[in-house]
Amino acid sequence: MASVSKLSISGSPFIAAEFKPRAGSPMFCVAVRPLTKGAAFGTPLSFSRMGVRLFTPSFIVRCSNDHGNGSSYKKTTLHQLYDKEGQSPWYDNLCRPVTDLIPLIQSGVRGVTSNPAIFQKAISTSSAYNDQFRELVQSGKDIESAYWELVVKDIQDACKLFEPIYNETDGGDGYVSVEVSPRLADDTENTIEAAKWLHKWVNRPNVYIKIPATIPCIPSIKEVIARGISVNVTLIFSLARYEAVIDAYLDGLEASGLNDLSRVTSVASFFVSRVDTLVDKMLETIFTPEALDLRGKAANAQAALAYQLYQKKFSGPRWEALVKKGAKKQRLLWASTSVKNPAYPDTLYVAPLIGPDTVSTMPDQALQAFLDHGTVERTIDSNVSEAEGIYNALEKVGIDWGFVGSQLEVEGVESFKKSFNSLLDSLQVKAASLKPASL
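Novice: It is not clear to me how the layout of surface pockets should be interpreted in this structure. Could you clarify?
Specialist: A water-sized probe rolled over the atoms picks out the places where empty space is left. A volume near 630 Å³ is recorded for the largest pocket. Around the largest pocket, the lining is made up of 31 residues, and of these Asp92, Asn93, Asn115, Ile118 and Pro363 lie nearest the centre. For the lining of the largest pocket, the secondary structure elements donating two or more residues are helix 3 (116-125), strand 11 (266-271) and strand 12 (331-335). The element contributing the most residues to the lining of the largest pocket is helix 3, with five residues. Here the residues of the lining of the largest pocket are counted per class, giving 11 nonpolar, 12 polar and eight charged.

Novice: When you look at the side chain of Thr265 in this model, what are you seeing that I'm missing?
Specialist: Along the polypeptide, Thr265 turns up in the loop between helix 8 (239-255) and strand 11. In contact with Thr265, other than residues within four places in its own chain, are Gly171, Tyr175, Tyr208, Ile225, Ser230, Val231, Tyr249 and Lys328.

Novice: Quick question: what am I supposed to make of the pairing of strand 13 (residues 358-362) here?
Specialist: The side chains of a regular strand alternate between both faces of the sheet. Within strand 13, five of the five residues are buried, which leaves the element mostly enclosed by the surrounding structure. Across five bridges, strand 7 (residues 87-91) lies against strand 13 in parallel orientation. Along strand 13, the bridge assignment pairs Gln87 with Thr358. Note that strand 12 and strand 13 share three bridges and pair parallel. Following the sheet pairing, Trp334 is matched in strand 13 by Ser360.

Novice: Help me understand the packing of helix 11 (residues 298-313) against helix 14 (residues 384-396) in this model?
Specialist: Describing two packed helices takes the angle between their axes plus the distance from one axis to the other. Interhelical geometry of helix 11 versus helix 14 gives an angle of 125 degrees and a closest axis separation of 8 Å. Overall, the two elements helix 11 and helix 14 adopt an arrangement that is oblique. For the pair helix 11 and helix 14, the crossing hand works out as left-handed. On helix 14, the residues touching Ala298, Ala301, Gln302, Ala304, Leu305 and Gln308 of helix 11 are Val384, Ala387, Glu388, Ile390, Tyr391 and Leu394.

Novice: It is not clear to me how helix 3 should be interpreted in this structure. Could you clarify?
Specialist: Each turn of an α-helix holds 3.6 residues, which means side chains three or four residues apart point in the same direction. When we look at burial in helix 3, the residues that qualify are Pro116, Ile118, Phe119, Ala122 and Ile123. Down the axis, helix 3 shows its buried residues gathered within 150 degrees of arc, on one side only. More than 90 degrees from the buried face of helix 3, the exposed residues found are Lys121 and Thr125. Residues of helix 3 that are buried sit in contact with helix 5 (143-168), strand 8 (176-179) and helix 15 (401-432). Sitting at the head of helix 3, Asn115 places a side-chain oxygen 2.9 Å from the backbone nitrogen of Ala117.

Novice: Would you mind showing me how to read the pattern of salt bridges here?
Specialist: Pairing between side chains of opposite charge can happen when the charged atoms of each approach one another. Under the criterion given, the structure shown has 22 salt bridges. As a salt-bridge pair, Glu149 and Lys141 come within 3.4 Å of each other at their nearest N and O atoms. The exposure class of Glu149 is partly exposed, given its relative accessible area of 22%. Taken together, the shared-partner salt bridges connect Arg110, Asp173 and Arg331 into one network.

What counts, and at which threshold
- Counting of residues starts from 1 at the beginning of each chain's written sequence and follows it residue by residue.
- Local features are withheld for residues below a pLDDT of 70 in this predicted model, meaning they are given only at 70 or higher, and side-chain atom pairs are given and counted only at 80 or more; totals for whole chains, interfaces and linings count all residues.
- To obtain the side-chain values, all non-hydrogen atoms of the structure were used and water was disregarded.
- Residues are said to line a cavity or pocket when one of their atoms sits within 4 Å of a point; the points come from a 1 Å grid over protein atoms alone, cavities being sets where a 1.4 Å probe fits but cannot get out and pockets being open sets with protein on both sides within 12 Å along at least five of seven lines.
- Grid points are joined across faces, edges and corners, and a volume is the space filled by probe spheres set on the points.
- Helical segments are the DSSP runs of H or I of at least four residues, strand segments are the runs of E of at least two, and each set is numbered from the N terminus.
- Only Asp, Glu, Lys and Arg are considered charged in this grouping, and only Ala, Val, Leu, Ile, Met, Phe, Trp, Tyr, Cys and Pro are considered nonpolar; every other residue, Gly among them, is considered polar.
- Residues are treated as being in contact if the distance between any of their heavy atoms lies within 4.5 Å.
- Only protein chains enter the accessibility calculation, which uses a 1.4 Å probe; a residue is then buried when its area is under 20% of its type maximum, exposed when over 50%, and partly exposed in between.
- Between any two strands, pairing holds if DSSP finds at least two bridges.
- Fitting a line to C-alpha atoms yields each axis, with helices limited to the stretch in contact; the angle taken between N-to-C directions then spans 0 to 180 degrees.
- When describing relative orientation, an angle under 35 degrees is termed roughly parallel and one over 145 degrees roughly antiparallel, while 65 to 115 degrees is termed roughly perpendicular and anything else oblique.
- Note on convention: the crossing is left-handed when the near helix lies turned anticlockwise from the far helix by less than a right angle, right-handed when the turn is clockwise.
- This arc is taken over the directions from the axis of the helix to the C-beta atoms.
- For this analysis, a polar contact is any N or O atom pair within 3.5 Å, provided that within protein one partner can donate a hydrogen and the other can accept it, and provided that sequence-adjacent residues contribute only side-chain to side-chain pairs.
- What makes a salt bridge here is a side-chain nitrogen of Lys or Arg within 4 Å of a carboxyl oxygen of Asp or Glu, nothing more.

Dropping the structure here:
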C-alpha cells in the first residue's frame, strides 16, 4: 500500500496528493478536479483540526499512471497576491498536528503567526498535546516549563515546513512567529533575556521572536535586533508607536556591528480590525450624522497612512547606508484581519491593504473568504488623500488617536496575559489529575 509523502494544492479550489510507493510499485498521483468546467462552488473541504474550510467544486478522482502528475491547475488568489503584488499571505493560527499546515502552504500561505491566545485555544481544546505533557510533568517539569516545551515543539516543527520558502527567498519569507511571555510587556531587560532564550532554544533560522510594541519594550526591540535576532514587533495600534518601532529597528541594525545584515529581519505587526471595533463604539456614542458616517473606516485609513510612513522611513541616506550592508526592510504586517462586525464585508481588512513588501496574516475566517472571492490588486496606496481625509475627519468629530492607540494596547496586552494565565491554570489542573496510564 502506498504511503502519503506530500500533500499539495496546485491551486485553489483544487487539491492533489502525491504518494510515495513502496519499492517495486508504480508511482501515481491522485488529483481532484471539477466534475464539469463550470461546477459551482459550495462544497466545504475541511483540513483536520486547523478549522480551515476551503470551498471546492464537486469533483471526481483522476489517476495518472507511472510518474505522471496529471494536469496542473491555476494558482490560488494567495499565490497571485505574492506573485503579482508582492504581499505575503501568512496564516494566523497554529496547533497540532502541525502537518495540517501542508495544504495551506501549497495553497499559497508563506508564513505563520502565533500568540498566547492561539496556544491557549490549541492546547486546552486538543488531546494532541496530552502525551508530551504527561511525559514532561512526570519527568518533574513545572507547569510553565512544560508549556514552553509544548509551544517550542510546535514552532520548531512549523519552521521546518516553511524552511523551503525561507531558503528560496534568501531569508525574505517563510517565517514562524513565537511570542515572549505576555507577563513581560512592561519589563525591558527580561524581555531581552526572554527573546535571547527563545531564539536559542528554537534554533531555527526562520523563527521570529515576537515582542510587544509597548513603551518599555521599544528599547528591547533595538537590543534584540542589535544581537542579530529577527523580530516580529506586535501590538502596534498607532502611527506614533509604529514610527518608534521603525526607529528601534534601524537603531538596532546600526548598533549591531555586523558587516552582513541580510539575516537580521523584522516585521511590524500593525493591528487593524480592533481599531474599528473601538472607534465605531466611540462614534456611536458621539452619534452625529458625521460621526456615524465614519464607522468602519478608521482602521484602513490609519493603515494606509502607516504604509506611507513605511515608504518614507525606508528611503534616504540613512537607509541606503544600511542597504549597502545587506539590510532588509522591516515589512509592515497587517494583523487582526478578521472582521468583527458581521455588517462589514468579510475581506474588509485584507482587500484594501494589498501592496508590495507587506504581509497579511489571516485567521481562518479571513483566509477562507479571500481564497473564495478575494480580488488581487494593489490597493494600499490607491487613494492616500481619501485616507488622510478620513483620519482628519475622525479627529474633527472627537476621536483622539492617541487614546485609541493606548487603550487598544492595554486591552491587547491584558488579553494575552489572560490567555496565558488561563492556560497555565488549566494545565495545572490537568497535571494534578494525571494518572500513570492516562490524562
